[in-house]
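Chain and residue survey
Listed here are the chains, written in short residue letters.
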Amino acid sequence: MKKIMLAVAMTALTIGASAQALMVSSAHQDMKKNYLNKAKEEIDKACEHPDTKEDAKTWCYKALIYARIGGEAQNKKSKYKNLAPDWAEQAYSAALECKRLDTKQEWAKQVNEVFSFVGTDVNSRAYDAYREKNYAEAQRLAEMATEMFNNAGQSQYANESLYMAGISAFTLQDTASVKKHFTALTRKRTDKELVYKTLFNLYKAEGDESQAMKVANLFQRNCKTNPEAYLMGAEGYLLSKNVEKAKEMLDNALTISKDDANTYPVMLVKVGTILDESAGEYEQAEAKFQESLTLVPEQFGANYGIGKMYYNRAVDKNNAANALDPFDEASVGLYDKLNEEAKGFFRQAITYLEKSVAYIDGLTDENAKASQRVNLINSLRALQNAYSRVDMLDESTAVKTRVEQLMSAQ
């Protein structure tokens, strides 16, 4: 009798297990027939039942069914568009569970397709959130998409999502997340300049010269033909006052861009600016600016670069004069000398600042002119003060009026 009862019990267990397996297959068939409400109900039960919840196939079918629901959710006319608002999270978690259980990788192809499909949708929503200025949501979604694409083995798309996550974090001033995401991209040899420049500037602002230099070295290693990498290297060396190594980097940047007629004049301006502002090598800086003007006579960058350089040197002379003790008779001659030198620099600045303004005023493309608006206002303000310092008061007043008009038009 005991043997008969045991046989009956075993038969019942087999029937129960078969019934659950049948429900999994039925859910898959209902998905194919687009009976998605029924398929969803069946697969949800199968994922909770002890006879099928440890089977990779169950979770694969759940991932596929919820992904199909997600496809319907994108069709506004579909009767299933609101069947599972959390379809992406459900499909993703199901795919992860299938991957965990699928030790023989029988379902890897289907699961990777789900990872890719869901990742694409989530990434698209991240971009939408960013455009809507919901940066926290954009970062959250982009981080999710990164994980999904990584699980699908699609590193290129994962890197794009990771970049979006980093950009969103930067907008939120979430420095820790920016470093985390952008550092990961540097390890993946990204060629995006903004990644390296953002990290470099963050470490520079924190006074971490060593880490800033590591970023510059990574930029050069990963992007050997990008002259911007060597400009960053120069700035890194200048942080530690290593002017000779900085000049070596600047020479490398010019050598790399020498054969590009469009890039080289711009690179000369950038090199000149670094020599002026960071290295204090004024003669060498002007030589680079002048070389750029020889190649492209009509431009803003080199004219403004020289004008600003002379303007700042004039201000330094004025400040040095004003720092003298006014009651020290021995300083009177030096005071006058410094002020005259300042006026000389202001006059030289005026020549190039006028040219920078004239270049912008001469633009015929209104969009190009609009993009130069900040440069125009900066040039005019410097010009206004320079005119005033050399007693060109009518010219200074006219420029002041123009600046006021530009500012009121904003």
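The text that follows walks through the structure, step by step, so that each part is easy to find. Each chain carries its own residue numbering, running from 1 in the written order of its sequence. It should be noted that, the model being predicted, local features are given only for residues of pLDDT at least 70 and side-chain atom pairs only at 80 or more, the latter also being counted only at that level, while totals for whole chains, interfaces and linings use all residues. In computing side-chain properties, one takes all heavy atoms of the structure into account and sets aside hydrogens as well as water.

The gaps of empty space that remain are located by a probe, the size of a water molecule, rolled over the atoms. Cavities and pockets were defined on a 1 Å grid built over protein atoms only: a cavity is a set of grid points that admits a 1.4 Å probe from which the probe cannot escape, a pocket is an open set flanked by protein on both sides within 12 Å along at least five of seven lines, and lining residues are those with an atom within 4 Å of any such point. Grid points are joined across faces, edges and corners, and a volume is the space filled by probe spheres set on the points. Its volume calculated, the largest pocket comes out at about 310 Å³. Every residue lining the largest pocket is counted, 13 residues in all, and those nearest its centre are Lys 197, Glu 228, Leu 231, Glu 235 and Ile 274. Note on conventions: DSSP H or I runs of at least 4 residues are helices, E runs of at least 2 residues are strands, and numbering of each starts at the N terminus. Within the residue set of the lining of the largest pocket, elements represented by two or more residues are α9 (193-205), α11 (227-239) and α13 (263-277). All amino acids are sorted into three groups, where Ala, Val, Leu, Ile, Met, Phe, Trp, Tyr, Cys and Pro are nonpolar, Asp, Glu, Lys and Arg are charged, and the leftover types, Gly among them, are polar. Split into classes, the residues belonging to the lining of the largest pocket amount to five nonpolar, three polar and five charged. Ala 73, Gln 74, Pro 85, Trp 87, Asp 121, Ser 124 and Arg 125 together form the lining of the second largest pocket. Among the elements that line the lining of the second largest pocket, the one with the most residues is helix α5 (residues 108-131), at three residues. Residue classes in the lining of the second largest pocket are distributed as three nonpolar, two polar and two charged.

It is worth spelling out the packing of helix α4 (residues 87-101) against helix α6 (residues 135-152) at this point. Close contact between α4 and α6 brings their axes to 12 Å; oriented N to C, the two are set at 35°. Between α4 and α6 lies a crossing of left-handed hand. Contacts from Glu 89, Tyr 92, Leu 96 and Lys 99 of α4 reach α6 at Met 144, Glu 147, Met 148 and Asn 151. Residue classes in the contact of α4 with α6 are distributed as four nonpolar, one polar and three charged. To obtain an axis, a line is fitted to C-alpha atoms, over the contacting stretch when the element is a helix, and the angle between two such axes runs from 0 to 180 degrees between their N-to-C directions. Here is the rule for handedness: rotate from the far helix to the near one, and if that takes an anticlockwise turn smaller than a right angle the crossing is left-handed, while a clockwise turn gives right-handed. Here a residue-residue contact requires only that any non-hydrogen atoms of the pair lie within 4.5 Å.

Moving on to the packing of aromatic side chains. Two rings belonging to Phe, Tyr or Trp (six-membered ring only in the last case) form a pair when the distance between their centres is within 6.5 Å. Interplanar angles under 30 degrees mark stacking, angles over 60 mark edge-to-face geometry, and anything in between is tilted. Across all of its chains, the model carries ten aromatic pairs by this definition. Judged by centre distance (5.0 Å) and plane angle (65°), the rings of Tyr 130 and Tyr 135 are edge-to-face. Measuring from centroid to centroid gives 5.5 Å for Phe 149 and Tyr 157, while their planes differ by 45°, and the two rings are tilted. On the accessibility criterion, Phe 149 (4% relative accessible area) is buried. Counting as a charge over the ring demands two things of the Lys NZ or Arg CZ atom: a distance within 6 Å of the ring centre and an angle within 35 degrees of the ring normal. A cation over a ring is seen here: Lys 192 above Tyr 163, with NZ or CZ 4.6 Å from the ring centre. When accessible area is computed with a 1.4 Å probe and restricted to protein chains, residues below 20% of their type maximum are described as buried, those above 50% as exposed, and intermediate ones as partly exposed.

What follows concerns α9. Between its first and last C-alpha, α9 extends 18 Å over 13 residues, near the 18 Å set by a 1.5 Å rise per residue. Here α9 has its buried residues at Val 195, Tyr 196, Thr 198, Leu 199, Phe 200, Leu 202 and Tyr 203. The first or second residue beyond α9 is Gly 207, which carries a positive phi of 80°. By definition here, a helix of n residues has an expected span of 1.5 Å times n minus one.

Attention now goes to the packing of helix α2 (residues 36-48) against helix α3 (residues 56-73). Where α2 contacts α3, the axes come no closer than 10 Å and their chain directions differ by 150°. Put simply, α2 runs roughly antiparallel to α3. Taken as a pair, α2 and α3 cross one another with a handedness that is left-handed. Contacts between α2 and α3 involve Leu 36, Ala 39, Lys 40, Ile 43, Asp 44, Ala 46 and Cys 47 from the first element and Thr 58, Trp 59, Tyr 61, Lys 62, Ile 65, Tyr 66, Arg 68, Ile 69 and Glu 72 from the second. Classifying every residue of the contact of α2 with α3 gives ten nonpolar, one polar and five charged. Angles below 35 degrees are treated as roughly parallel, those above 145 as roughly antiparallel, those between 65 and 115 as roughly perpendicular, and all remaining angles as oblique.

So, on to unusual backbone geometry. Residues other than glycine predominantly adopt negative phi, and peptide bonds predominantly adopt the trans conformation. Of note in the backbone geometry, Gln 105 takes a positive phi value of approximately 55° without being a glycine. For Gln 105, the location among the structural elements is in the loop between α4 and α5. The residue Lys 241 is not glycine, and still its phi comes out positive at about 65°. For Lys 241, the location among the structural elements is in the loop between α11 and α12 (243-257).

Right, let's talk about the environment of Ala 279 for a bit. Summarising the element assignment, Ala 279 is placed in the loop between α13 and α14 (282-295). As for Ala 279 and Val 374, which are separated by 95 residues in sequence, their C-alpha atoms are 26 Å apart. Ignoring any residue separated from it by four or fewer positions in sequence, one finds Ala 279 in contact with Leu 238 and Ile 274.

We define a salt bridge as a contact between a side-chain nitrogen of Lys or Arg and a carboxyl oxygen of Asp or Glu at a distance within 4 Å. The final tally for this structure, using the stated rule, is 22 salt bridges. We note a salt bridge from Glu 113 to Lys 109, for which the minimum N-O separation is 2.9 Å. Residue Glu 113 and its partner Lys 109 are both found in helix α5; the two are separated by four residues, about one turn of the helix. Judged by its relative accessible area of 44%, Glu 113 falls in the partly exposed class. Across the pair Glu 160 and Lys 192 runs a salt bridge whose closest N-O atoms are separated by 3.7 Å. Of this pair, Glu 160 sits in helix α7 (residues 155-171) while Lys 192 sits in the loop between α8 (175-187) and α9; the two residues are 32 residues apart in sequence, bridging distant segments of the chain. Looking at Glu 160, the relative accessible area reads 30%, which means it is partly exposed. Residue Lys 192 is classed as partly exposed on the basis of its relative accessible area, which comes to 24%. Here the salt bridges do not stand alone but share partners, grouping Glu 193, Lys 197, Glu 228 and Lys 270 into one network.

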